[in-house]
Amino acid sequence: MRYIIRALKYFLYIVVLLSIFIFILVLLKLVDPDISKMFRNGYQSLWQIAAMFGAVAAIYPLFGYIRRGVIMRGEYKEIAPIVKDVMSSRGYVLEKEEGEGMTFRTKSVAAKIMKVFEDRISFERTVNGFYVEGLRRDVVPLLYSLESRAKGEEEAEVSDHQQ
């Protein structure tokens, strides 16, 4: 169900963007405001464009969202502050924390709109870290940040124990 809702959101988002783009072109008098003259096939083109946008919107959630694991050793009490700090530095706020799982949303209203209100990143605790779920373009760089930060914390603990 969530997949269908995401696809519908992206379809509407694409339609709104195209409408704004066409409106601007009409205002600048770069195109004729009559649809039958604006497009080669006139009103028939609207259905063709909608079908093309529908296909793109139907496929995008399949590639745009991922669920990946990040290795972060330690107790939840030790690594949760690291996750919260990294997410805060990336412009996210904690939405909810249930048990050993966390959900974050972006602070920026503009970012929420650009992401079609699909800005949620979820952390589900595993034995050696978390499963992170969200937009691919947000999750992939986040995983690198979390892993490098966790690795840095581990190296600092090892050097403290050696001294």
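Here the structure is a predicted model, which is why all the values come from computation and not from measurement.

J.: Hey, could you run me through the packing of aromatic side chains in this one?
T.: To describe a pair of aromatic rings, one takes the distance between the centres and the angle between the planes. In this structure the tally under the stated criterion is four aromatic pairs. Taken together, a centroid distance of 5.7 Å and an interplanar angle of 90° make the contact between Phe123 and Phe130 edge-to-face. Phe130 matches Phe123 in its accessibility class, with the two residues each being buried. Chaining the aromatic ring pairs together yields one cluster made of Tyr76, Phe104, Phe123 and Phe130. A cation over an aromatic ring shows up here: Arg6 above the ring of Tyr65, its NZ or CZ 3.7 Å from the ring centre.

J.: Can you walk me through the pairing of strand E5 (residues 129-135) in this structure?
T.: On a regular strand, each side chain points to the face opposite its neighbour's, so the side chains alternate between the two faces of the sheet. Of all seven residues in E5, five are buried, a share of seventy percent or more. With seven bridges joining them, strand E1 (residues 65-71) and E5 adopt antiparallel strand pairing. By the bridge assignment for E5, Ile66 is matched with Gly134. Examined bridge by bridge, strand E4 (residues 121-126) and E5 share five bridges and lie antiparallel to one another.

Scoring rules and cut-offs
- Residues numbered from 1 in each chain as written.
- Predicted model: local features only at pLDDT ≥ 70, side-chain atom pairs only at ≥ 80, totals over all residues.
- Heavy atoms only, no water.
- Phe/Tyr/Trp six-rings, centres within 6.5 Å; stacked < 30°, edge-to-face > 60°.
- Buried < 20%, exposed > 50% of the residue type's maximum accessible area, 1.4 Å probe, protein only.
- Lys NZ or Arg CZ within 6 Å of the ring centre and 35° of its normal.
- Helix = DSSP H or I, 4+ residues; strand = E, 2+ residues; numbered from the N terminus.
- Pairing = 2+ DSSP bridges.

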